[in-house]
Amino acid sequence: MKIIRSDNYDVCIGEKSLVHFNFSDYSTLAILVDENTKKHCLPLLLVQLPALSNSLIIEIQSGEENKNLSSCSLIWEELSKHNFDRNSLLINLGGGVIGDMGGFAASTYKRGIDFIQIPTTLLSMADASVGGKLGIDFNGLKNQVGLFKNPKSVLIYPEFLETLGENQLNSGLAEIVKHALIADANLWNKLKETSFSDVDWEDVIARSVQLKNKIILDDPFEKTTRKQLNFGHTFGHAIESYYLEKGTPILHGEAVFLGVILESELSNITRQEKSEIKNFILSNFALPHCPSKSEIAKYLTNDKKNQSKKINFSLLSEIGNCSIDNLFSIDEL
Ligand SMILES: NC(=O)c1ccc[n+]([C@@H]2O[C@H](COP(=O)([O-])OP(=O)(O)OC[C@H]3O[C@@H](n4cnc5c(N)ncnc54)[C@H](O)[C@@H]3O)[C@@H](O)[C@H]2O)c1
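We now examine the overall build of the protein chain. Tallying secondary structure elements over the protein chain gives 12 helices and 11 strands in all. Radius of gyration (C-alpha) of the protein chain: 19 Å, near the 20 Å computed for a compact globule of 333 residues. Based on the C-alpha atoms only, the size of the protein chain along its principal axes is roughly 55 × 40 × 35 Å. Residue burial in the protein chain is summarised as follows: out of 333 residues, 46% are buried. Sequence separation of 24 or more characterises 74% of the internal contacts of the protein chain that already satisfy a separation of 6 or more.

Dropping the structure here:
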């Protein structure tokens, strides 16, 4: 098992990761699932940790469209109804939606109870479960309401990936590719040569978590260098919000891949590097149609990161390095 020490918690990766947490410290336990993680992941978790069998199971509906206030209300209602006190623990068993929203619901219930992340998608293992960014979508805008708070632990058990569809695996690869492009040219060169049908996920996840962890430890609250992690996400979030509002949501990673292509174009790297990134993504992953600038303009102008009405991008300064606070007006894009 690999253990990566983050701010004040461990990220444990591997076969033995699930037993690396002391659940007996808590008076009551709840496990947050959606219908898919209830079916595919909960049984596996309970085989590894039979002591969790008496936990309260809180089920919400899967999907980004349910990362909202009404799902949060349901979580708070269940915790209240079952008299969860401040010495309770919420176990978030799922992808980034469960992790972001469960963490947010736990951190606000009775001014905050502990939670742990047990990510079950590649995206949440390699990225979302680490770093303490929690929240929900609001009024059609991604992650509009939320906070920073660290989990007590992150337990990454790669076997959960066995039931994950190929499109979801590809979606997770978007964040891994992003980490490589902003922080590790060697990983980028390795990914370019990789056959994705035959990957050692434990290694790739561990490297991705290490890269992210280093960035967040330097700047936990995104005042400066953590903004590098937003590479691909300014266009990415606008595209994701566009499809969400249209009623045909796309995967977060699909939006990020489109964002990585568009933001590489804005970056100060060579023409050859730009085409290499674009060709790698388009030849390996089937992506939705990229909306036009006018279709996503309102989301870009509403982006949380904007400064003085300008849109704030994190862009590649070279492969493996990223510069922050590159400001563009909508007309300059
Ligand atoms: N907090 C952060 O730092 C951070 C970083 C990146 C992304 N995110 C957020 O993460 C979210 C996307 O996360 P995601 O891609 O994991 O999506 P998701 O949570 O919606 O999960 C994708 C789908 O896979 C299903 N699923 C999960 N695990 C499964 C398994 N093992 N087997 C079968 N099905 C399974 C889920 O039920 C869901 O239908 C977005 O809301 C995004 O904003 C957060």
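Okay, back to it.
The next point concerns the site of the ligand. By nearness alone, 31 residues border the ligand, and N36, G95, G96, T121 and A128 come closest of all. Class assignment for the residues of the shell around the ligand results in seven nonpolar, 17 polar and seven charged. No fewer than three residues from each of domain 1 (2–163) and domain 2 (167–332) sit in the shell around the ligand.

It is worth spelling out helix α3 (residues 69–81) at this point. Here α3 is 13 residues long and its end C-alpha atoms lie 18 Å apart, about the 18 Å a rise of 1.5 Å per residue gives. All of the buried residues in α3 are S71, I75 and L79. End-on, the buried residues of α3 take up no more than an arc of 75°, which puts them together on one face. α3 presents S70, S73, E77, S80 and K81 as exposed residues on the side facing more than 90 degrees away from its buried surface.

When the domains of the protein chain are assigned, the result is domain 1 (2–163) and domain 2 (167–332). Spacing between the C-alpha centres of domain 1 and domain 2 amounts to 25 Å. Contact residues are listed per partner, giving 26 residues for domain 1 and 29 residues for domain 2. Contributing elements (two or more residues each) for the side of domain 1 that touches domain 2: β1 (2–5), β2 (10–13), α5 (122–128) and β8 (141–148). Top element by residues in the side of domain 1 that touches domain 2 is α5. It accounts for five residues. Class assignment for the residues of the side of domain 1 that touches domain 2 results in 13 nonpolar, seven polar and six charged.

Another aspect to go through is the nonpolar core. Across soluble globular proteins, you tend to see nonpolar side chains buried next to one another. In this structure, L32, I91, L93, L155, I156 and L181 are the most contacted members of the largest nonpolar core, which totals 88 residues. Of all the elements, helix α6 (residues 166–183) adds the most residues to this core, at eight residues. The residue makeup of this core includes at least three contributed by each of domain 1 (2–163) and domain 2 (167–332). Excluding its chain neighbours within four sequence positions, the residues that come into contact with L93 are I31, L32, V33, T37, C41, L42, L45, I98, I118 and T120.

Closest axis-to-axis distance for the helix α10 (residues 252–266)/helix α11 (residues 271–284) pair is 9 Å, and the angle between their directions is 165°. As summarised for this structure, α10 and α11 are arranged roughly antiparallel, according to the angle between their axes. Of the two elements, α10 crosses α11, and the hand of that crossing is left-handed. Note on element contacts: α11 touches α10 through K274, I277, K278 and I281, opposite F257, V260, I261, S264 and E265. A per-class count over the contact of α10 with α11 returns five nonpolar, one polar and three charged.

A few words now on the environment of K67. Relative to the helices and strands, K67 resides in the loop between β4 (56–60) and α3. Each C-alpha atom, one on K67 and one on N143, is 8.8 Å from the other, the two residues being 76 residues apart in sequence. Not counting the four nearest positions on each side in its chain, K67 is found in contact with V97, D100, M101, I136 and D137.

For the rest of this paragraph, the subject is the environment of D7. Within the element layout of this structure, D7 appears in the loop between β1 and β2. D7 sits 92 residues away from G99 along the chain, and the two C-alpha atoms are 18 Å apart. Excluding residues that lie within four positions of it along the chain, D7 makes contacts with N150, L217 and P220.

Across six bridges, the pairing between strand β10 (residues 311–318) and strand β11 (residues 321–328) is antiparallel. Along β11, the bridge assignment pairs L316 with C322.

What follows concerns the packing of α6 against helix α8 (residues 201–218). In the contact formed by α6 and α8, the axes pass within 10 Å of each other and the chain directions differ by 55°. Between α6 and α8, the angle falls in the class oblique. Classified by chirality, the crossing of α8 by α6 is left-handed. Judged by residue contacts, I176, H179 and A183 of α6 engage V204, S208, L211, K212 and I215 from α8.

The rules behind each value
Residues numbered from 1 in each chain as written. Predicted model: local features only at pLDDT ≥ 70, side-chain atom pairs only at ≥ 80, totals over all residues. Helix = DSSP H or I, 4+ residues; strand = E, 2+ residues; numbered from the N terminus. Rg over C-alpha atoms; globule rule 2.2 N^0.38 Å. Buried ≥ 20, exposed ≤ 12 C-beta atoms within 10 Å, placed from the backbone. Contact = placed C-beta atoms within 7 Å. Near = placed C-beta within 6 Å. Nonpolar A, V, L, I, M, F, W, Y, C, P; charged D, E, K, R; others polar. Domains from an automatic or database assignment. Expected span 1.5 Å × (residues − 1). Arc of directions from axis to C-beta. Core = buried A, V, L, I, M, F, W, Y, C linked by C-beta atoms within 7 Å. Axes fitted to C-alpha atoms, helices over the stretch in contact; angles between N-to-C directions. Parallel < 35°, antiparallel > 145°, perpendicular 65-115°, else oblique. Left-handed = near helix turned anticlockwise from the far one by under 90°. Pairing = 2+ DSSP bridges.

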